[in-house]
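Remarks on the overall topology
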Amino acid sequence: MDTIISYLDNMFKALPRTGQVLKLKQDLLAGMEEKYYELKSEGRSENEAIGIVISEFGNIDELVSELGVGQPHREEAEILPYLSEEETMDFLVAKIKSSLLVAIGTVLCIAGAALLILISSLGEDGLLTAGISENTAALVGLVVMFVLVALAVCLFIYSGMKLERFKYMQAGFELPYHLRAYIMQKKEAFNATYTLSLITGVCLCVLSPVAIFMGSAFGDNGGSYGVVILLAMVAVAVFLFTYYGSIRGAYSQLLKTGEFSEAKKEENRVIGAVAGIVWPLATCIFLISGLVYEQWHINWIVFPITGLLFGVFGAVYSLLKKKAA
C-alpha cells in the first residue's frame, strides 16, 4: 500500500495545491485503497494487487481533464514540499516539549506575583522571622518575583529555540495522505483530554474568586491571602490551557485547520498583536495597584475584565472579517 501512496503523491506533485485537487487526491486514494484490499482478499499477491490498482488509475492528465478539475500547470503551480514521517513526528515531539516549557514559564510568572503578595502580607502581619520589617519583606517578595520571571523568560527563549528548526513550515507544506489520516486520528483521540482540561481550567477560573470572599471573612488582611489562593488556582488553569491547547494547536497546524487555516492567518496576526499589548498592560495595572496603592483585595478583577473585553474584541473582529469577505 505504501507503493500506491508514493505513486499517487508523485502523480499529484505537478498539480496546483487547490482544495478541489486535494479532495480529488483523497477520493482517489480511498478508492485505490479499497480496490487494493479487495484484490488482496481474492488471493492476489502484493505485486499483482499494486499493478492492477495502478493500471486502473490511468493517466493523470486524462483523469484531470475528465473530472473537470483543470489542466495541471507544471511550471506555474506552486509546489509545496511534502513533510516526511520523520519530520512530522519530530515536529510533534518538539511542540509538546516546547508547550510544557511555555506552560511552566507562565505558571512561574503567576507564582512570582502570588509569592510577592504572600511574603508582603506575612511581613505586614508580623508572621515572618523576628527582625524582618514590613519593607524588607516586600523587598524579598520583589526579589523572588523577579527571579521567577527571569527563569520564565529563559524557558520561553529555550522553547522558541527548540522550534526554530521548523520555521520552514511557515512557507507552506503538504502532508501525504497516510500521514494526514494518522494526524487526524491522533487529534480525534486527543479531543477528550483537551475537553477535560478545558472544563477543569474554566471551573478553576470561575471558582477562584471564592477564595477572596472566604479570606475576607477572616479579617481585613485575609483578602490578601485569598488573592494568593486565587492566583494559585488561576496558575493551574493557565497551565492546562497553555499545555493542552498548544498540543491541540500542533495537530491543527499540521492539518491546516481551525486557527491555522488560510482564512485565519491574518486574523490571528491582528489579534495576537493586540494581545501582546493588552495583557502586559493589564499585568502592569495589577502590580502598580497592588504595590503602590495596596489594593490586592480587589485588583485581581483586572484580569477577568481584560479577558472579557479581549474576548469581545476577538469576536467582533472575526465577525467583521467574515462580513467583509
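The structure presented is a predicted model; accordingly, all values stated were derived computationally and were not measured.

**Quick word on the packing of helix H5 (residues 85-124) against helix H6 (residues 134-162)**
Contact geometry of H5 with H6 gives a least axis separation of 8 Å together with a crossing angle of 175°. Compared by their axis directions, H5 and H6 come out roughly antiparallel.

**Considering a nonpolar patch on the surface**
Together, Leu198, Val202, Val206, Leu207, Val210, Phe213 and Met214 line one region of the surface with nonpolar side chains, adding up to about 660 Å² of accessible area. Among the elements of the structure, helix H7 (177-207) and helix H8 (209-216) are those that each provide at least two residues to the nonpolar patch. The leading source of residues in the nonpolar patch is H7, at four residues.

**Quick word on the state of the cysteines**
A complete count under the given rule lists zero disulfides for this structure. Between cysteine 205, a cysteine without a disulfide, and cysteine 203, which holds the nearest cysteine sulfur, the sulfur-to-sulfur distance is 9.4 Å. The class for cysteine 205 is partly exposed, based on a relative accessible area of 31%.

**Some points on the confidence of the model for the protein chain**
Summarising the model, the protein chain shows a mean pLDDT of 78, and 78% of its residues fall at 70 or more. Taking the mean pLDDT of every element in the protein chain, the minimum, 56, falls on helix H4 (residues 60-67) and the maximum, 89, on H7.

**Regarding the packing of H7 against H8**
As a packed pair, H7 and H8 sit with axes 4 Å apart at the nearest point and diverge in direction by 30°. In terms of orientation, H7 and H8 fall into the roughly parallel class. Between H7, through Cys205, Val206 and Leu207, and H8, the contact on the second element is made entirely by Pro209, Val210 and Ala211. Partitioning the contact of H7 with H8 into residue classes produces six nonpolar, no polar and no charged.

**Brief notes about the nonpolar core**
By size, the foremost hydrophobic cluster in this structure holds 19 residues, and its most contacted members are Met169, Leu175, Ile183 and Leu254. Elements represented by at least two residues in this core include exactly H5, H7 and helix H9 (222-255). Ranked by residues supplied to this core, first place goes to H9 with six residues. Excluding residues that lie within four positions of it along the chain, isoleucine 183 makes contacts with Thr88, Met89, Leu92, Leu175, Tyr251, Leu254 and Leu255. With 15 residues, the next largest nonpolar core counts Ile110, Val227, Leu230 and Val238 among its residues.

**Overview of the side chain of threonine 88**
For threonine 88, the position within the fold is in helix H5. A distance of 2.9 Å separates the side chain of threonine 88 from the backbone oxygen of serine 84, its partner in a polar contact. Ignoring sequence-local partners within four residues, the contact set of threonine 88 consists of Leu83, Leu175, Leu179, Ile183 and Leu254.

**As for the packing of aromatic side chains**
For the coordinates displayed, the defined rule picks out five aromatic pairs. Ring centres 5.9 Å apart and planes at 65° place the aromatic pair phenylalanine 190 and tyrosine 251 in the edge-to-face group. Residue phenylalanine 190 is located in helix H7, and its partner tyrosine 251 is located in helix H9; the two are separated by 61 residues in the primary sequence. Ring geometry for tyrosine 243 versus tyrosine 244: centroids 5.0 Å apart, planes at 70°, classification edge-to-face. Looking at tyrosine 243, the relative accessible area reads 16%, which means it is buried. A connected cluster of aromatic rings, assembled from ring pairs, spans Phe190, Phe239, Tyr243, Tyr244 and Tyr251.

**Concerning the pattern of salt bridges**
Side-chain pairing between opposite charges can occur once the charged atoms of the two side chains come close. Tallying each qualifying case throughout the model produces one salt bridge. Put simply, lysine 167 and glutamate 164 hold a salt bridge, and the shortest N to O gap is 3.7 Å. The class for glutamate 164 is partly exposed, based on a relative accessible area of 45%.

**Some thoughts on the environment of leucine 196**
Among the secondary structure elements, leucine 196 is positioned in helix H7. What makes leucine 196 exposed here is its relative accessible area of 57%. Here the alpha-carbon distance between leucine 196 and leucine 240, two residues 44 residues apart in the chain, equals 9.5 Å.

**Describing H8**
Of all the positions in H8, only Pro209, Ala211, Ile212 and Gly215 are classed as buried. The buried side chains of H8 occupy one side of the element, clustering within an arc of 150° when seen end-on. Projecting away from the buried face of H8 at angles above 90 degrees are the exposed residues Phe213 and Met214. Packed against the buried residues of H8 are H7 and H9.

Definitions and limits used
- Residues numbered from 1 in each chain as written.
- Predicted model: local features only at pLDDT ≥ 70, side-chain atom pairs only at ≥ 80, totals over all residues.
- Heavy atoms only, no water.
- Axes fitted to C-alpha atoms, helices over the stretch in contact; angles between N-to-C directions.
- Helix = DSSP H or I, 4+ residues; strand = E, 2+ residues; numbered from the N terminus.
- Parallel < 35°, antiparallel > 145°, perpendicular 65-115°, else oblique.
- Patch = residues over 30% accessible without salt bridge, like charges linked within 9 Å, V, L, I, M, F, W, Y side chains within 5 Å.
- Areas by Shrake-Rupley, 256 points an atom, 1.4 Å probe, with all protein chains shown as cover.
- Salt bridge = Lys/Arg side-chain N within 4 Å of Asp/Glu carboxyl O.
- Disulfide = S-S within 2.5 Å.
- Buried < 20%, exposed > 50% of the residue type's maximum accessible area, 1.4 Å probe, protein only.
- pLDDT = per-residue confidence, 0-100.
- Contact = heavy atoms within 4.5 Å.
- Nonpolar A, V, L, I, M, F, W, Y, C, P; charged D, E, K, R; others polar.
- Core = buried A, V, L, I, M, F, W, Y, C linked by side-chain atoms within 4.5 Å.
- Polar contact = N/O pair within 3.5 Å; in protein donor to acceptor, adjacent residues only side chain to side chain.
- Phe/Tyr/Trp six-rings, centres within 6.5 Å; stacked < 30°, edge-to-face > 60°.
- Arc of directions from axis to C-beta.

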